[in-house]
Amino acid sequence: MNLNLTGRKAIITGASRGIGSAIAKGLAEEGVNVALLGRNPAACRALSEALAGDYGVQAPIIQLDLLERERIKPAVDEAVESLGGLDILVNNAAGFYRGGLTDIPEDVLEQNFIIKPIGLMRMARECVSYLEKSDQARIINLSGTRGREPSLHSTMSGPINMGTNSATKALANLFGPKGITVNAICPGSTDTDRWDELIERTMKLHGLDEEGAKALICEEVPLRCVIHMEDIADLAVFLASSRAARISGTAINVDGGRTRSI
Ligand SMILES: NC(=O)c1ccc[n+]([C@@H]2O[C@H](COP(=O)([O-])OP(=O)(O)OC[C@H]3O[C@@H](n4cnc5c(N)ncnc54)[C@H](OP(=O)(O)O)[C@@H]3O)[C@@H](O)[C@H]2O)c1
């Protein structure tokens, strides 16, 4: 399948690890040059070298902490200058706090909204003048299934991801006439650092060993599987491709069927 991605240019926030780094790799495999935006440039160095070495793409590293509002425009400009244009924006960065409302520290509560639904709108605002020059312009937002079904154990994930889905729809309406598609991907529990923490918590809570905890978590998933970062990256690559030209304003679950609503 020709995805028409070779030589395209992408920006990925929160590229230092987890799903962001998997999406960077998935796009680079298709020949996309990817600017790796991260709070700590040193954490992106190994990935940048691997992408350049393995796939022959450019993978510049740009420092960006999304809590530093005034850094967003310079970081986007720097990334676009380094890449020589922009076709794809992947808003992936997020903070995380597993806990109920009364456990969440006040600063974390605010910051997690600033990083994700607010951060993605700030990123989109700075990128739109570049994206509208592309003939295959894409914005892909990482959301989460809890936006549809809030969790008992992570109060913030619901409103943050619902906000992300809503921002996705609003931006799709706004930027559609400019030829830019905007979509969200909603991962279920995926095997990033958060997965390790989820396993540990489940082991403690239910007095299980690691295998028992995994099995318990997977019981809630109709496909009885763990979601891998590469599963999320595959969908991101498809949404970035020319094959997804007429998909916009939607949020797609990658959760093995776990979400009960449709
Ligand atoms: N993993 C899951 O099970 C799951 C489930 C549902 C939704 N999601 C969503 O999928 C996306 C990726 O998740 P993940 O599990 O890969 O997350 P992760 O492993 O926690 O990584 C988060 C990324 O965001 C970056 N980040 C955090 N705060 C930032 C800030 N202030 N400014 C810029 N970057 C910042 C981190 O950078 P540092 O390395 O500097 O900390 C890291 O690169 C997120 O939007 C998340 O909400 C994940």
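Residues numbered from 1 in each chain as written. Predicted model: local features only at pLDDT ≥ 70, side-chain atom pairs only at ≥ 80, totals over all residues.

A.B. asks: Even after reading the chapter, I still don't get the overall build of the protein chain, so can you show me in this structure?
C.D. replies: Broken down by element type, the protein chain carries eight helices and seven strands. The globule rule puts the C-alpha radius of gyration for 262 residues at 18 Å, and the 18 Å found for the protein chain is close to it. Projected onto its principal axes, the C-alpha positions of the protein chain cover 55 × 40 × 40 Å. (Helix = DSSP H or I, 4+ residues; strand = E, 2+ residues; numbered from the N terminus. Rg over C-alpha atoms; globule rule 2.2 N^0.38 Å.)

A.B. asks: Honestly, the pairing of strand 7 (residues 251–254) in this entry has me stumped. Any pointers?
C.D. replies: Where a strand is regular, its side chains alternate between the two sheet faces. Of the two faces of strand 7, only the one carrying Ala251 and Asn253 is buried; Ile252 and Val254 on the other face are not. Alignment of strand 6 (residues 180–187) against strand 7, held across four bridges, turns out to be parallel. Across the sheet, residue Pro187 finds its bridge partner in strand 7, namely Val254. (Buried ≥ 20, exposed ≤ 12 C-beta atoms within 10 Å, placed from the backbone. Pairing = 2+ DSSP bridges.)

A.B. asks: Explanation requested: the packing of helix 3 (residues 72–83) against helix 4 (residues 106–131) in the structure shown.
C.D. replies: What describes two packed helices is the angle between their axes and the distance between those same axes. Relative orientation of the contacting elements helix 3 and helix 4 amounts to 40°, with a least axis distance of 10 Å. Between helix 3 and helix 4 lies a crossing whose hand is right-handed. Contacts between helix 3 and helix 4 involve Ile72, Lys73, Val76 and Val80 from the first element and Arg122, Met123, Glu126, Cys127 and Tyr130 from the second. Partitioning the contact of helix 3 with helix 4 into residue classes produces six nonpolar, no polar and three charged. (Axes fitted to C-alpha atoms, helices over the stretch in contact; angles between N-to-C directions. Left-handed = near helix turned anticlockwise from the far one by under 90°. Contact = placed C-beta atoms within 7 Å. Nonpolar A, V, L, I, M, F, W, Y, C, P; charged D, E, K, R; others polar.)

A.B. asks: What am I meant to see in the nonpolar core here?
C.D. replies: Side chains of nonpolar character tend, in soluble globular proteins, to be buried together. If you look at the biggest cluster of nonpolar residues, it comprises 65 residues, and the most contacted ones within it are Ile11, Val34, Leu36 and Ala236. The contact partners of Leu36, leaving out residues within four places of it in the chain, are Ile12, Ala15, Ala24, Cys44, Leu47, Ser48, Ala59 and Ile61. (Core = buried A, V, L, I, M, F, W, Y, C linked by C-beta atoms within 7 Å.)

A.B. asks: Any chance you could explain the pairing of strand 5 (residues 137–142) here in plain terms?
C.D. replies: With respect to burial, strand 5 is a largely interior element, six of its six residues being buried. Of the two faces of strand 5, the one carrying Ala137, Ile139 and Asn141 and the one carrying Arg138, Ile140 and Leu142 are both buried. Where strand 4 (residues 88–91) meets strand 5, four bridges bridge the pair, whose relative direction is parallel. Bridge assignment links Val90 to a residue of strand 5, and that residue is Ile140. Taken together, strand 4, helix 4 and strand 5 form a β-α-β motif whose crossover is right-handed. (Right-handed = clockwise from strand over helix to strand, strands pointing away.)

A.B. asks: Can you help me understand the site of the ligand in this one?
C.D. replies: Near the ligand lie 29 residues; those nearest to it are Gly14, Gly18, Ala94, Gly144 and Thr192. Listed by contribution, the elements that provide at least two residues to the shell around the ligand are helix 1 (18–29) and helix 6 (193–206). Sort the elements by how many residues they give to the shell around the ligand and helix 1 lands first, with three residues. When grouped by side-chain class, the residues that make up the shell around the ligand number 11 nonpolar, 13 polar and five charged. (Near = placed C-beta within 6 Å.)

A.B. asks: Help me out: how do you make sense of helix 2 (residues 41–55) in this one?
C.D. replies: One turn of an α-helix holds 3.6 residues; hence residues three or four places apart share an orientation. For helix 2, which comprises 15 residues, the first-to-last C-alpha distance of 20 Å matches the rise-based estimate of 21 Å (1.5 Å per residue) to within 8%. Taken together, the buried positions of helix 2 are occupied by Cys44, Leu47, Ser48 and Leu51. Those residues of helix 2 that are buried are in contact with helix 1, strand 2 (33–38) and strand 3 (61–63). Among the residues trailing helix 2, Gly56 stands out with phi positive, at a value near 65°. (Expected span 1.5 Å × (residues − 1).)

A.B. asks: What's the story with the domain arrangement of the protein chain in this structure? I'm lost.
C.D. replies: By a widely used convention, the size of an interface equals the accessible area lost when the partners come together. Split into domains, the protein chain comes out as domain 1 (9–189 + 228–254) and domain 2 (192–226). Between the C-alpha centres of domain 1 and domain 2 there is a distance of 26 Å. If you look at the interface, domain 1 gives seven residues, while domain 2 gives eight residues. Along the lines of polarity and charge, the residues of the side of domain 1 that touches domain 2 split into three nonpolar, three polar and one charged. (Domains from an automatic or database assignment.)

A.B. asks: Whenever I open this one, the sheet that holds strand 5 confuses me. Can you help?
C.D. replies: Strand order across the open sheet formed by seven strands is 3-2-1-4-5-6-7, with parallel pairing between neighbours. In this open sheet, the two edge strands, each paired with only one partner strand, are strand 3 and strand 7. The mean angle between the axes of side-by-side strands here comes to 20°, regardless of whether they run parallel or antiparallel. Contacts between helix 4 and the sheet are confined to strand 1 (9–13), strand 4, strand 5 and strand 6, with strand 4 contributing the most and set at about 175° to the helix.

A.B. asks: Would you mind showing me how to read the packing of helix 1 against helix 8 (residues 229–240) here?
C.D. replies: At a closest axis distance of 8 Å, the pairing of helix 1 and helix 8 adopts a crossing angle of 50°. The angle between helix 1 and helix 8 falls in the class oblique. Judged by the twist between their axes, the crossing of helix 1 over helix 8 is right-handed. For the pair helix 1 and helix 8, the contacting residues are Gly18, Ile19, Ala22, Ile23, Lys25, Gly26 and Leu27 in the first and Met229, Glu230, Ile232, Ala233, Asp234, Ala236, Val237 and Ala240 in the second. Class assignment of the residues belonging to the contact of helix 1 with helix 8 gives a composition of 10 nonpolar, two polar and three charged. (Parallel < 35°, antiparallel > 145°, perpendicular 65-115°, else oblique.)

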